Amino acid sequence: MVEYDKIFLKKSIVENKNITSEGILAYAGLVTMSNNQLDKLFTNISMIEFALKITNNDKDRTFKDKIKRGLINLSENDVVEIISETEDFKANDGIIIKLNNLRIDTKNEKFILMNMKEIVTILRIKDGKLDIDKLLRYAIILIGTINNNSKVGFTTTEDLAKKSCISDWIIKTKYNKLLEENCIIYTHRCDKSVKCFDGTIRKVNNTYGRYSDKELVIREAQGFYREIVGKNITGNDARGIKQKYNNLTKKIDNGYIPTEE
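Cut-offs applied
Residues numbered from 1 in each chain as written. Predicted model: local features only at pLDDT ≥ 70, side-chain atom pairs only at ≥ 80, totals over all residues. Heavy atoms only, no water. Helix = DSSP H or I, 4+ residues; strand = E, 2+ residues; numbered from the N terminus. Buried < 20%, exposed > 50% of the residue type's maximum accessible area, 1.4 Å probe, protein only. Contact = heavy atoms within 4.5 Å. Areas by Shrake-Rupley, 256 points an atom, 1.4 Å probe, with all protein chains shown as cover. Patch = residues over 30% accessible without salt bridge, like charges linked within 9 Å, V, L, I, M, F, W, Y side chains within 5 Å. Salt bridge = Lys/Arg side-chain N within 4 Å of Asp/Glu carboxyl O. Pairing = 2+ DSSP bridges. Axes fitted to C-alpha atoms, helices over the stretch in contact; angles between N-to-C directions. Expected span 1.5 Å × (residues − 1). pLDDT = per-residue confidence, 0-100. Parallel < 35°, antiparallel > 145°, perpendicular 65-115°, else oblique. Nonpolar A, V, L, I, M, F, W, Y, C, P; charged D, E, K, R; others polar. Bend = angle between axes of the 7 residues up to and from the residue.

### Let's talk about the overall build of the protein chain
Counting secondary structure elements, the protein chain contains 10 helices and 10 strands. In the protein chain, buried positions account for 46% of the 261 residues. Long-range contacts, defined here as pairs at least 24 residues apart, represent 64% of the contacts in the protein chain between residues at least 6 apart. Counting only carbon and sulfur atoms, one obtains 46% of the accessible surface of the protein chain, whose full area is about 14100 Å².

Listed below in C-alpha cells is the structure:
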C-alpha cells in the first residue's frame, strides 16, 4: 500500500526467512509501483529499478540481477506469479506479474511503515562491496521494531540479527553506522549499567528511533534510564530493578511513554 510517499510492507513477508534479501528488494519495488490497487502489473526489471532508485543506470547490472533473482524468489514463495514469454527474461523484457499476496489489509495485518525517501536514500548508499539488499532488509526490520506511539526501540542487536538473518558483527560494525551517517536512524547510547541479581554488571540497551524523531528519542531515553538505573544495587534490589526493567520495556512496546518528573 502506498499513500503519497508512504510504503506499507507486510511483516509476514519481510520477516519470512524463506524470502531472501533480494526478494525483499523486489518486493519493495513492486509495492511502490502497485499502490495496493492492482491485481496485475505489466513491467520489466528496469522499471522496477527506476521505481526504487528514481534513476536509470544501465551500467548497474548487479542491481538489475538482484531484482530478477528477487522476483523469482517471490514467485517461488507464492507472493507473486511471473508470466513471461521466456524463462530467462532480460532487464527490458516485458513481464506480467500477478500480485497474488501483495495486497495488505492495514487494519488486520501487521505491517512496517517506510517512506520513499528512506528507501531511496538507503539504496543510494555506496560503501565498497556493500550488499545493498541486505542493508535494506535490515533497515526495514529495524524500523519495524520502533514503537508507533513512543517512537523508540530497544531491541538488542542479537535479536535484530536473528530477525534479519544477518550477523550481529556486521550490524554493529557496518549497518548501524551507515544508517546513522545517512540520517535514517538515530541511536542514543547509554554509558550506564545495572547490577543484576547474579552479581554481573550489564549495560543498559541503547535506544533508537527514526532520525526525524531524534529529539524525542533523546528525551524518552533519558526518562527511561532514570526509571531503571540505580547505584550500588545488590540482592533483592537487583532483582527488583531487573524486573522493573523488563516490565517497563514491555509497557513501552504496548505504547507506554516514560515521562520526566
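On we go from here.
### As for a nonpolar patch on the surface
A surface patch of nonpolar side chains, amounting to about 270 Å² of accessible area, comprises F42, I83 and I96. A residue is classified by how much of its surface remains accessible, and F42, at 59% relative accessible area, is exposed.

### Structural notes on the sheet that holds strand β5 (residues 95-98)
Taking strand neighbours across the sheet as the criterion, the 3 strands line up as β3-β5-β4 in an open arrangement whose pairing is antiparallel. At either margin of the open sheet sits one strand with a lone partner, and together these are β3 (40-43) and β4 (81-83). Adjacent strand axes in the sheet meet at a mean angle of 20 degrees, parallel and antiparallel pairs treated alike. Relative to β5, β3 runs antiparallel, the two being bridged by 4 bridges. The partner of F42 across the bridge, within β5, is I96.

### Brief notes about helix α6 (residues 132-144)
For α6, with 13 residues, the first-to-last C-alpha span of 18 Å sits near the 18 Å given by 1.5 Å per residue. When you tally the buried positions in α6, you get 12 out of 13 residues, the bulk of the element. Among the residues of α6, those classed as buried are I132, D133, L135, L136, R137, Y138, A139, I140, I141, L142, I143 and G144.

### Some remarks on the confidence of the model for the protein chain
When the pLDDT values of the protein chain are averaged, the result is 83; 76% of them are 70 or greater. Within the protein chain, α6 carries the highest mean pLDDT (97), whereas strand β1 (residues 2-3) carries the lowest (46).

### A closer look at the packing of helix α3 (residues 45-53) against helix α4 (residues 61-76)
Two elements in contact, α3 and α4, have axes separated by 10 Å at closest approach and are oriented at 110 degrees. On the basis of their axis angle, the class for α3 and α4 is roughly perpendicular. Between α3 and α4, the residues in contact are I45, S46, I48, E49, L52 and K53 and F63, K64, I67, K68 and L71, respectively. Taken together, the residues that form the contact of α3 with α4 break down as 6 nonpolar, 1 polar and 4 charged.

### Focus: the environment of Y211
By the element assignment, Y211 lies in the loop between β10 (207-210) and α9 (214-228). Classification of Y211 as partly exposed rests on a relative accessible area of 32%. Distance in space between the C-alpha atoms of Y211 and I184 is 5.4 Å, their sequence separation being 27 residues. Ignoring any residue separated from it by four or fewer positions in sequence, one finds Y211 in contact with C183, I184, I185 and Y186.

### So, helix α8 (residues 168-181)
In an α-helix, one turn spans 3.6 residues; hence positions three or four apart end up facing the same way. Here α8 is 14 residues long and its end C-alpha atoms lie 19 Å apart, about the 20 Å a rise of 1.5 Å per residue gives. Of all the bends in α8, the largest measures some 35 degrees and sits at K174. Those residues of α8 that sit buried are I171, Y175, N176, L178 and L179. Along its buried surface, α8 packs onto α5 (116-123), α6, α7 (157-164) and β7 (185-188). The positive-phi residue at the C-terminal boundary of α8 is C183, with phi of around 60 degrees.

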